[in-house]
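Residues per chain, in single letters:
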Amino acid sequence: MASFAAAICETAHVSHSSSTSGRRPSADDLLVLLAVGRSGRYITAAEELGINHTTISRRIAALEHAMGGRVLTRVTGGWELTDLGREALTAAEAVEAAVRSLGASAGERTLEGVVRISATDGFSAYLAPPSAVRVQRRHPGVAVDIIAATRRASTQRTGLDIEVVVGKPQVHRAEAIELGDYCLRLYASRDYLAEHGVPTTVAELTRHPLVYFIESILQVDDLDLALAFAPTLRRSVSSTNVFVHVEATRAAAGIGLLPCFMADRHADLVRVLPDEVRVQLTYWLVARPETLRRPEVAAVVEALRATVRERRAELLGDRAAPLPIQRQVDVRGAE
């Protein structure tokens, strides 16, 4: 592969104006840079390429010697491409595309590799898996790793290909793509409402405990601002995990501010003040430009966008109106 890739490198555009070695960068070294640039980690690149960490270091050093400058810079948790490194990445992508084309049949490119996604708990559970399956049905060689985390977009995306966050992110050397909106509403269990009564105004919510995120460690500004409709609500069960919110609300811990696409799955949960409280937030996808150029990553991104489009009504909570809360409680009490 190295000799074939070297021929491709002769036509790929790589600036050598700063080179002091007088030799052309090796195709193998360029492919190593490609793996490190995408993952941000030597160890991950070594696993992907089937070589050891020492070989990765040696090949990056050889590439930097050939190009006459640094192609990677150390950042928190890994490595990031320099301007010279991003220039070399263009040639590396040409090498990879040429090698992959050798295995293509009937003009269709065979995709393979691992795509790593970080997303909020709810998105990770209900939207990322069907998107991954959508990709794998067409490209069985693509594996998808899903990491559940509710946080801001990372400053350094080491070890990740795609991040899905809540709220428009402020990103550096990355692209932010709007995926779609979803809504939070207030929910309570039938048992809770039967015991504590049904609030009929936002002001009455102060008599009820709230199930939501732990305020002191919540990292997402938009989720924090979601409580603007009633900032003085007292807390009940709090957690960093939205599944805890759902289950605590079902267990009658209080009134939960929950994503509609999660809460509406449970028949024992009913909406509280549905006309007064509706919080709309937005999912955004963040990735490096060089990562988005990977065909397998592009396939996963398109699958995520398609899944969000298809489930728009579910995400927004646009469904047949539930029975009035008072009637639901009365019916339950008569059983």
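Heads up: the structure comes first, above all this text.
Residues numbered from 1 in each chain as written. Predicted model: local features only at pLDDT ≥ 70, side-chain atom pairs only at ≥ 80, totals over all residues. Heavy atoms only, no water.

Chemist: I'm lost on helix H2 (residues 27-39) in this one. Help?
Modeler: Because each turn of an α-helix spans 3.6 residues, side chains separated by three or four positions end up pointing in the same direction. Here H2 spans 19 Å end to end across 13 residues, near enough to the 18 Å set by a 1.5 Å rise per residue. Burial of H2 is extensive: twelve of the 13 residues sit out of reach of the surface. Taken as a whole, H2 has its buried residues at Ala-27, Asp-29, Leu-30, Leu-31, Val-32, Leu-33, Leu-34, Ala-35, Val-36, Gly-37, Arg-38 and Ser-39. One side-chain oxygen of the residue at the start of H2 lies 3.1 Å from the amide nitrogen of Asp-28, identifying that residue as Ser-26. (Helix = DSSP H or I, 4+ residues; strand = E, 2+ residues; numbered from the N terminus. Expected span 1.5 Å × (residues − 1). Buried < 20%, exposed > 50% of the residue type's maximum accessible area, 1.4 Å probe, protein only. Polar contact = N/O pair within 3.5 Å; in protein donor to acceptor, adjacent residues only side chain to side chain.)

Chemist: Just checking my understanding: could you explain the pattern of salt bridges for this structure?
Modeler: Note that side chains of opposite charge can pair when their charged atoms are close. If you walk through the whole model with that rule in mind, you get 15 salt bridges. Residue Arg-271 is joined to Asp-264 by a salt bridge in which the shortest nitrogen-to-oxygen separation is 2.9 Å. Classification of Arg-271 by relative accessible area gives buried; the value is 6%. Judged by relative accessible area, which is 24%, Asp-264 ranks as partly exposed. Arg-309 serves as the salt-bridge partner of Glu-302, at 3.3 Å between the closest nitrogen and oxygen. (Salt bridge = Lys/Arg side-chain N within 4 Å of Asp/Glu carboxyl O.)

Chemist: I'm lost on the pairing of strand S6 (residues 175-189) in this one. Help?
Modeler: Looking along a regular strand, one sees side chains alternate from face to face of the sheet. In terms of burial, S6 is a largely internal element, twelve of the 15 residues being buried. As paired strands, S6 and strand S11 (residues 279-287) are joined by nine bridges and run antiparallel to one another. Residue Ala-176 lies in a different strand from S11, and its bridge partner there is Val-286. By the bridge criterion, four bridges tie S6 to strand S10 (residues 269-272) in an arrangement that is antiparallel. Its bridge partner lying in S10, Leu-186 is registered against Val-272. (Pairing = 2+ DSSP bridges.)

Chemist: What is the right way to look at the packing of helix H7 (residues 128-138) against helix H13 (residues 295-310) in this model?
Modeler: If you want to describe how two helices pack, look at the angle between their axes and the distance between the axes. Interaxial distance between H7 and H13 falls to 8 Å at its minimum, and their mutual angle equals 125°. One way to sum up the angle between H7 and H13 is to call them oblique. In this structure, H7 meets H13 at a crossing whose hand is right-handed. Contact residues: H7 offers Ala-128, Pro-130, Ser-131, Arg-134 and Val-135, while H13 offers Ala-299, Val-300, Ala-303, Leu-304, Ala-306, Thr-307 and Glu-310. Here the contact of H7 with H13 is built from residues that sort into eight nonpolar, two polar and two charged. (Axes fitted to C-alpha atoms, helices over the stretch in contact; angles between N-to-C directions. Parallel < 35°, antiparallel > 145°, perpendicular 65-115°, else oblique. Left-handed = near helix turned anticlockwise from the far one by under 90°. Contact = heavy atoms within 4.5 Å. Nonpolar A, V, L, I, M, F, W, Y, C, P; charged D, E, K, R; others polar.)

Chemist: What exactly am I supposed to notice about the environment of Asp-318 here?
Modeler: With respect to the helices and strands, Asp-318 occurs in the loop between helix H14 (312-316) and helix H15 (325-334). Separated by 57 residues in sequence, Asp-318 and Phe-261 place their C-alpha atoms 9.6 Å apart.

Chemist: Sorry, what's going on with the packing of H2 against helix H4 (residues 53-67) here?
Modeler: H4 packs onto H2 with a crossing angle of 115° between their chain directions and a minimal axis gap of 9 Å. By the angle class used here, H2 and H4 are roughly perpendicular. For the crossing formed where H2 meets H4, the hand is left-handed. On H4, the residues touching Asp-28, Asp-29, Leu-30, Val-32, Leu-33 and Val-36 of H2 are Ile-56, Arg-59, Ile-60, Ala-62 and Leu-63. By residue class, the composition of the contact of H2 with H4 is eight nonpolar, no polar and three charged.

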